[in-house]
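Survey of secondary and tertiary structure
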Amino acid sequence: MKITQVRTRVFEWKGHTVPPTPHFCSNAMDELWDRGDSMGTFRFHGWTTVEIETDTGLVGLGNVALAPRIAKAIIDQYLAPLVINQDPFDYEYLWQRMYRATHAWGRKGIGMAAISGVDIAIWDVMGKAVGKPVFKLLGGRTKERIPCYASKLYRTDLKSMQEEAQSYLDQGFTAMKMRFGYGPKDGPAGMRANLDSVAAVREVIGEDLDLMLECYMGWNLEYAKRMLPRLERYQPRWLEEPVLADDIDGYAELNRLTSIPISGGEHEFTHYGFRQLLEKRAVSVVQYDTNRVGGITAARKINAIAESFSVPVIPHAGQMHNYHLTMSTLASPMSEFFPVHDVEIGNELFYYLFKGDPEPENGFIDLDDDEPGLGLSLNDDYFDQFHIIE
Ligand SMILES: O=C(O)C(=O)C[C@@H](O)CO
Ligand SMILES: [Mg+2]
């Protein structure tokens, strides 16, 4: 089998959006003196799709969620020529080809996200070629179903957060993740507001369910050190990305500080990056996203490293490119799940753009043993809501 063409498209949402309210989610811009539209850094309303066409007529589908126009340009100019006329089953060679050819400027960030999109499409077409789901190529079924945690609970008024938490309980979820709205610049009152929101959600879900806490890099080391002991009484399953992704020693220091596990990795790249995080004991939960970290070829290596450190892998975002790895990896006990809702920050676009992602039932998703590839296709029902760039 030979790859004949790589087709990339950028889908930019032009439909209805619900703009986030102030303090919706702490983030890395919060410490700057002029925050402007501080939500701008994590509002992404576009997506890149990658279709790998082959001489068999089979097409593999991959995607990149970050900086879509740049990802498209990188794939079109640099990556497509490296994989065209090649056999997708040589996936390790192709990954190394893309990685090494772009090494001077790639490695981390959007260069690696672009490689991820091509790699995901390669795995999809391999699965289709052998008539098996990708998870069967990665080790097969390690669990009957995948438990999911509901991930939204952005910071709004406490009553709305409590109602939202209750709605996840009603749907059968036994774990959920909430976001902090305040950080170092908001002083002791913000600290109190953060603690109040955790107490409010705990009040609804009780002591016996998992509650995850997300900072999205909106704190700093000093603030996190003051918050962690105050959070202990709420027994979070983890505290996520308290500091900037580059501050690996900061993660390690916090991870030693209290009994609360520190999680991270959705802004880290390749097995080299995760080796560092794990060797420094910087994270107690690994959270790569396959469509950033280097695709399935890199993610499976990270799973093996994490398993050897006895650190669980719970990828960022759920979605098929992650679910197949989670299903085939004993070191992955559960998945994240973004509840479907109006377009706010952009995570929701996945459901408007792709068909085939499984819906949770009672807090679990399952993958089909007989659906070849990743089981995703483009959902043209909403194409008129997107500006599409070929
Ligand atoms: O789901 C997460 O872990 C994220 O970081 C999502 C991001 O969009 C901020 O909530
Ligand atoms: Mg996160």
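These numbers were taken from a predicted model, which means no experiment stands behind them.

With that settled, the discussion passes to the overall build of the protein chain. Counting its secondary structure elements, the protein chain contains 13 helices and 14 strands. Referenced to the eigenvectors of the C-alpha coordinate spread, the extents of the protein chain come out at roughly 60 × 45 × 45 Å. For the protein chain, the proportion of its 390 residues judged to be buried stands at 48%. Long-range contacts, defined as pairs at least 24 residues apart, comprise 73% of the intrachain contacts of the protein chain with a sequence gap of at least 6.

As a further point, take the UniProt feature "domain: Mandelate racemase/muconate lactonizing enzyme C-terminal" (unreviewed entry) in the protein chain. Those residues carrying the UniProt feature "domain: Mandelate racemase/muconate lactonizing enzyme C-terminal" (unreviewed entry) are residues 158-261 in this numbering. Across residues 158-261, helical content stands at 51% and strand content at 12%; the span's end C-alpha atoms are separated by 25 Å.

The next thing to look at is the site of ligand 1. The immediate surroundings of ligand 1 are formed by Cys25, Phe42, Ser151, Arg179, Glu214, Tyr216, Glu266, His316, Glu336, Ile345 and Asn347. Along the lines of polarity and charge, the residues of the shell around ligand 1 split into four nonpolar, three polar and four charged.

So, about the domain arrangement of the protein chain. Domain boundaries assigned for the protein chain yield domain 1 (3-131) and domain 2 (136-379). For domain 1 and domain 2, the distance between their C-alpha centroids amounts to 21 Å. Elements that contribute at least two residues to the side of domain 1 that touches domain 2 include exactly β1 (3-13), β2 (46-54), β3 (59-64), α2 (91-101) and α3 (110-130). Per-element accounting of the side of domain 1 that touches domain 2 gives the leading share, 13 residues, to α3. Taken together, the residues of the side of domain 1 that touches domain 2 break down into 23 nonpolar, 15 polar and nine charged.

Sheet architecture is open: four strands sit in the order β3-β2-β1-β14, paired in antiparallel fashion. Of all the strands in the sheet, the pair left with one neighbour each is β3 and β14 (386-389). Across the sheet, the mean angle separating the axes of adjacent strands is 25 degrees when strand polarity is ignored. As defined by bridge partners, β2 adjoins β3 across six bridges and the pair is classed as antiparallel. The residue bridging Thr49 from the neighbouring strand is Asn63, located in β3. The strands that helix α1 (residues 68-83) touches are β1, β2, β3 and β14; relative to β1, the one it contacts most, it runs at about 180 degrees. Each of β1, β2 and β3 touches α3; the most contacted strand, β3, lies at about 150 degrees to it.

Looking now at the pairing of β2. Both β1 and β2 contribute to a ladder of nine bridges, which runs antiparallel. Across the sheet, the residue bridging to Phe11 is Trp47, located in β2. If you look at the hairpin formed by β2 and β3, you'll find four residues sitting between the two strands, and Gly57 has a positive phi there, around 90 degrees.

This part is about the packing of α3 against helix α11 (residues 295-308). Axis separation between α3 and α11 bottoms out at 6 Å; the angle between their running directions is 90 degrees. By the angle between their directions, the pair α3 and α11 is classed as roughly perpendicular. On α11, the residues touching Ile115, Ser116, Asp119, Ile120 and Trp123 of α3 are Gly295, Ile296 and Thr297. For the contact of α3 with α11, the residue count by class is four nonpolar, three polar and one charged.

Turning next to the nonpolar core. Grouped together as the largest cluster of nonpolar side chains are 105 residues, with contacts concentrated most on Leu79, Val118, Ile122, Tyr149, Met176 and Val286. For this core, the element with the most residues is α3, which contributes eleven residues. The two domains that each donate at least three residues to this core are domain 1 (3-131) and domain 2 (136-379). The contact partners of Val286, leaving out residues within four places of it in the chain, are Gly265, Phe274, Ile302, Ala306, Val311 and Val313.

Those residues of helix α7 (residues 221-231) lying buried are Tyr223, Ala224 and Met227. Buried residues along α7 cover an arc of 90 degrees about the axis, so they all sit on one side. Looking at α7, the residues exposed on the side facing more than 90 degrees away from the buried face are Glu222 and Pro229. Buried residues along α7 sit in contact with α6 (187-205) and α8 (248-257).

On to α1, then. Spacing of three or four residues puts side chains on the same side of an α-helix, whose turn is 3.6 residues. At Ile75, α1 shows its strongest bend, of approximately 45 degrees. Residues of α1 that are buried: Pro68, Ala71, Lys72, Ile74, Ile75, Leu79, Leu82 and Val83. Contact partners of the buried residues in α1: β1, β2, β3, α2 and α3. Immediately beyond the C-terminal end of α1, within one or two residues, lies Asn85, with a positive phi of roughly 75 degrees.

About the criteria used
Once a new chain begins, its residue numbering starts again from 1 and follows that chain's sequence as written. Chains carry letters and ligands carry numbers; both start at the beginning, A for chains and 1 for ligands, and go up in the order they are written. Reporting in this predicted model follows two pLDDT cut-offs: at least 70 for local features of residues, and 80 or more for side-chain atom pairs to be given and counted; totals over whole chains, interfaces and linings ignore these cut-offs and use all residues. Secondary structure elements are defined from DSSP: runs of H or I of at least 4 residues count as helices, runs of E of at least 2 residues count as strands, and each element is numbered from the N terminus. Any residue whose C-beta has 12 or fewer other C-beta atoms within 10 Å is treated as exposed, any with 20 or more as buried, and any in between as partly exposed, C-beta atoms being built from the backbone. This entry defines residue contacts through backbone-placed C-beta atoms, with two residues in contact when those atoms are within 7 Å. UniProt positions are given in the numbering used here, feature names are shortened, and annotations may be inferred rather than shown by experiment. By definition, a residue lies near a molecule or strand when the C-beta atom built from its backbone is within 6 Å of it. Residues are grouped as follows: Ala, Val, Leu, Ile, Met, Phe, Trp, Tyr, Cys and Pro are nonpolar; Asp, Glu, Lys and Arg are charged; every other residue, Gly included, is polar. Boundaries between domains were set according to an automatic or database domain assignment. Any two strands with at least two DSSP bridges between them are considered paired. Angles here are taken between N-to-C directions and fall from 0 to 180 degrees, while the axes themselves are lines fitted to C-alpha atoms, restricted in helices to the stretch in contact. Oblique is the label for every angle not falling under 35 degrees (roughly parallel), over 145 degrees (roughly antiparallel), or within 65 to 115 degrees (roughly perpendicular). As used here, a nonpolar core is made of buried Ala, Val, Leu, Ile, Met, Phe, Trp, Tyr and Cys residues. They are joined through C-beta atoms within 7 Å. In this description, the arc belongs to the directions extending from the helix axis to the C-beta atoms. Note on bend: at a given residue it equals the angle between the axes fitted to the 7 residues ending there and to the 7 starting there.

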